[in-house]
Amino acid sequence: MLFRSTTGDALPIHAELRSAGQPVFEATVMANVQVPSRSFSTTLHKYAGRFANVPTDPDANRVSAMASQLSQFLAKDTGSADIYVYRTVSVSLRDDGQDTDTMANDGIYSGELPSSETRIAGDYEVTIRAQAILAGGRTVERIAKLATICNVGPADKNKSRVTIDVSPDPIGDVRIATVTVVPFDKFGNAAFPGSGSAIDISAVGA
């Protein structure tokens, strides 16, 4: 079982093991977590000025239109066309009532991916492997695969980018200004395309 989180939050991981309805004790349970090494949304923003023929409405449709172009940019600049890059972090799960485990010997093995490993927004894929010796000496192994999303954190005013373009020719005494805001969280993750409705902007008079 996983919980949705935001960047910089520890990611709890739980696995329940039972045999004939009873908790399984003294199992060896490990979780291998595929952690993104590069933020997809931040990479999109990096190449924003190079995309061509990208739809603007709705925002969500832009992602699929950008994917093939982004792959070409990465192949040229980095030598690899892989859009999603991961590394593996191992987490040991325990059922002893210590640390993140709330009750010993209840068959629920618990652990967490520490907050230091969740600074990049994206999908986190988890493979849990459990090995136990059941009554009668029979050894069993079980594998479960899970996935969750680590969302971009709250906008950081010191990381976010604001640009203002003022029209060269006034209309009467008024000039039109276009304000572009790209929110970044404190870890440098850019807001994901399609998240515009979740972003609130307020103006403060000078």
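Below or above, wherever it landed, is the structure these notes cover. (Residues numbered from 1 in each chain as written. Predicted model: local features only at pLDDT ≥ 70, side-chain atom pairs only at ≥ 80, totals over all residues. Heavy atoms only, no water.)

Moving on to the overall build of the chain. Of the regular secondary structure elements, the chain holds two helices and 11 strands. Compactness check: the chain gives a C-alpha radius of gyration of 23 Å against a globular reference of 17 Å for 206 residues, more than 25% above the reference. Taken along its principal axes, the extent of the C-alpha atoms in the chain is 90 × 40 × 25 Å. Of all 206 residues assigned to the chain, the portion counted as buried reaches 31%. Entry remark: accessible area of the chain is about 12800 Å², with carbon and sulfur atoms responsible for 51%. In the chain, 19 side chains carry a positive charge and 23 a negative one; their mean positions are 6 Å apart. (Helix = DSSP H or I, 4+ residues; strand = E, 2+ residues; numbered from the N terminus. Rg over C-alpha atoms; globule rule 2.2 N^0.38 Å. Buried < 20%, exposed > 50% of the residue type's maximum accessible area, 1.4 Å probe, protein only. Areas by Shrake-Rupley, 256 points an atom, 1.4 Å probe, with all protein chains shown as cover. Lys, Arg positive; Asp, Glu negative; His and termini not counted. Charge placed at Lys NZ, Arg CZ, Asp CG, Glu CD.)

To continue, consider the environment of D106. Counting through the fold element by element, D106 comes out in the loop between β6 (86–93) and β7 (108–113). Residues D106 and M66, 40 residues apart in the sequence, show an inter-C-alpha distance of 48 Å. Ignoring sequence-local partners within four residues, the contact set of D106 consists of R18, P23 and D95. (Contact = heavy atoms within 4.5 Å.)

So, on to the pairing of strand β9 (residues 139–151). If a strand is regular, its side chains alternate between the two faces of the sheet. Pairing geometry for strand β1 (residues 5–6) and β9, over two bridges, is parallel. The partner of T6 across the bridge, within β9, is N151. Sheet topology places strand β8 (residues 122–133) next to β9; 12 bridges connect them, and they run antiparallel. In the strand pairing of β9, E125 is matched with A147. The loop that links β8 with its antiparallel partner β9 comprises five residues; one of these, G136, has a positive phi angle of about 95 degrees. (Pairing = 2+ DSSP bridges.)

Below, the discussion takes up the nonpolar core. With 23 residues, the main nonpolar core has V29, V33, L93, L113 and I128 as its most contacted residues. Residue assignment for this core shows that the elements contributing at least two residues are β2 (11–16), β5 (28–36), β6, β7, β8 and β9. Looking at this core, the element that brings in the most residues is β8, giving five residues. Ignoring anything within four residues of it in the chain, the contact list for L93 reads I13, A15, V29, A31, Y109, S110, G111 and I128. Among the nonpolar cores identified, the runner-up in size contains nine residues, and F40, M66, F73 and I83 belong to it. (Core = buried A, V, L, I, M, F, W, Y, C linked by side-chain atoms within 4.5 Å.)

This is a description of form; function is not addressed.
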